[in-house]
Amino acid sequence: MHTLVPGAMFGVATDILAFIGGFIIPLRVVLSMLAGALAIQVFGNWWAVSAGHFERYVPGMTIRSELLQQRYVWMSVFIAAMVAAGLLPVISRPRQLFGIFKGLAKSGRLAHEERTITLWPLLVTFFGSVILSVTVFKFLIPDFPWYVIGPMALLWSFVFSLIDARAVGLTGFRVEPPYVREGLLFMFGSGANIWFAPWPVPVGASAWVQNFKVAELTRCRPGSLIKAALVALPVGVLANFIYISIFWRIAPIPSATYPFAQAILPIWAFNMSFWMSTTIGGGGEAATFAAKIFKLDWLVITLAVFTLLHIWNMYAEKRNIRWRLSLIGLAVGMVTPIPFTISIFIGAIVAAWIKRKSGVDWFESFRNVIVAGLVVGEGAVVGIFAAVSALKSSLLN
């Protein structure tokens, strides 16, 4: 493919979980993800190679290698796309956002009946944890400016929580604008210690949103879920040490027995070393390259494009025009490896065909059963083969 279209990527993920995503995700979101993937990973990379922006491109690169390297080209676009997709729907509908907080404030009276958490414990927990995290970070890295990390920990954690939770709710995929942490440390930090200090900006809210939603659907109290997580945490940490020691006895990590770790860990080590070299002596070349990948003009253009698309979506919604793009789907498609996006699109086509043949009522009634059966079936097969492989390796060694 690189012979005809240099830089372009294309593939199909063979994981059944990628295909069944098309059964769950709305077709409009799937089409938006496909548009985002094609715009960046096919036509965008092709243009970037032709224009000389994709300096790290090598003909014949694998999809995995090109995905890692294209981040240095599109980093500003990814950041702007995620921020715009997460904030524009909220900013344009302030009444809805105000209504959410108003509902939380009033939920104290109905907390027992609706099994919700009142607003004040949430605010105290959030601000308290952020302040404590920033204090620990400042104690360990006293030279880092507090007026940068403090507002970042408060504002970005809230903004990213909106973006990430919305992305998971609409597409099933988590998203994270790349290298936000690295960019801040590169611009305001110095030395090697800052790369090992605990980062005080929490970004894992979407997982808890999922868990709380499942608890709500199953009539489980949020407090019970939190207590279960606190009990499971030390057990999980202990089990982690036990399982890692078992896996390590089978074969060293990384090694040919664990091909993913063997392929990915060197890349992670290279990326971490690259960013660390930007804040320590002798990293002038890396610092120059890091400055090149943050393109303000690309960021502004991306924000403008997403704003125009959002204005069109609002107009089309009022006029009942069907041709609308999902902003979060477009942004997720940009950063999701294109083989998974293609597989989701194929799954959506299959789901649409089944719905047409079997009828909408039947499909809506049994869609979740079909998806659950495929997930459980694949999990069982993977577990069996993993156990056989581990047993085989331990016997041979």
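Just so you know, these numbers come straight off a predicted model, no measurement behind them.

Observations concerning the overall build of the protein
Inference 1: Helix and strand counts for the protein stand at 15 helices and zero strands.
Inference 2: Across the 397 residues that make up the protein, the buried fraction comes to 35%.
Inference 3: Put simply, of all contacts in the protein between residues at least 6 apart along the chain, 73% involve residues at least 24 apart.
Inference 4: Roughly 23,500 Å² of accessible area belongs to the protein as shown, and the carbon and sulfur atoms make up 70% of that amount.

A short note on unusual backbone geometry
Note on backbone geometry: most residues besides glycine have negative phi, and most peptide bonds are trans.
Inference 1: For R219, which is not a glycine, the phi torsion comes out positive at approximately 60 degrees.
Inference 2: Among the secondary structure elements, R219 is positioned in the loop between α8 (205-217) and α9 (222-250).

Here's the deal with the pattern of salt bridges
Inference 1: Within this structure, the stated rule accounts for two salt bridges.
Inference 2: The closest approach of N and O atoms between E216 and K213, which form a salt bridge, is 3.9 Å. Here E216 and its partner K213 are both found in helix α8, three residues apart, which amounts to about one turn of the helix.
Inference 3: Here E364 makes a salt bridge to R367, at a shortest N to O gap of 3.2 Å. Pair noted here: E364 and R367 are both in helix α15 (residues 360-396), with a separation of three residues, about one helical turn.

Things to note about the packing of aromatic side chains
Inference 1: Tallied over the full model, the rule gives twelve aromatic pairs.
Inference 2: Between F54 and Y57, the ring centres sit 5.8 Å apart and the planes meet at 50 degrees, which makes this aromatic pair tilted. Taken individually, F54 and Y57 each receive the classification buried, so the pair is uniform in this respect.
Inference 3: Between W146 and Y147 the ring centres are 6.1 Å apart and the planes differ by 80 degrees, which places this aromatic pair in the edge-to-face class.
Inference 4: Relative accessible area serves as the criterion here: at 58%, W146 is assigned to the exposed category.
Inference 5: The exposed category is assigned to Y147, whose relative accessible area is 54%.
Inference 6: These aromatic residues form a ring-pair network of at least three members: W47, W74 and W298.
Inference 7: When the ring centre of W199 is taken as origin, the NZ or CZ atom of R181, which lies over that ring, is 5.9 Å away.
Inference 8: Lying across the ring of W298, K295 places its NZ or CZ 4.6 Å from the centre.

Remarks on the nonpolar core
Inference 1: Ranked by size, the top nonpolar core spans 56 residues in total, and within it W74, F144, W156, W275, F306 and M334 carry the most contacts.
Inference 2: Top contributing element to this core by residue count: helix α3 (residues 63-91), with twelve residues.

Describing the environment of S358
Inference 1: Tracing the chain through its elements places S358 in helix α14 (residues 338-358).
Inference 2: Looking at S358, its side chain comes within polar contact range of the main-chain oxygen of I354, at 2.6 Å.

Points about a nonpolar patch on the surface
Inference 1: On the surface, L238, I242, Y243, I244, I246 and F247 cluster together into a nonpolar patch covering about 570 Å² of accessible area.
Inference 2: Position of Y243 among the secondary structure elements: in helix α9.

A word on the confidence of the model for the protein
Inference 1: In the predicted model, the protein carries a mean pLDDT of 80, and the fraction of residues at 70 or more is 85%.
Inference 2: This stretch, residues 109-113, has a pLDDT under 50; its non-local contacts, to residues over four places away or in other chains, come to four contacts.

Thresholds applied
Residues numbered from 1 in each chain as written. Predicted model: local features only at pLDDT ≥ 70, side-chain atom pairs only at ≥ 80, totals over all residues. Heavy atoms only, no water. Helix = DSSP H or I, 4+ residues; strand = E, 2+ residues; numbered from the N terminus. Buried < 20%, exposed > 50% of the residue type's maximum accessible area, 1.4 Å probe, protein only. Contact = heavy atoms within 4.5 Å. Areas by Shrake-Rupley, 256 points an atom, 1.4 Å probe, with all protein chains shown as cover. Salt bridge = Lys/Arg side-chain N within 4 Å of Asp/Glu carboxyl O. Phe/Tyr/Trp six-rings, centres within 6.5 Å; stacked < 30°, edge-to-face > 60°. Lys NZ or Arg CZ within 6 Å of the ring centre and 35° of its normal. Core = buried A, V, L, I, M, F, W, Y, C linked by side-chain atoms within 4.5 Å. Polar contact = N/O pair within 3.5 Å; in protein donor to acceptor, adjacent residues only side chain to side chain. Patch = residues over 30% accessible without salt bridge, like charges linked within 9 Å, V, L, I, M, F, W, Y side chains within 5 Å. pLDDT = per-residue confidence, 0-100.

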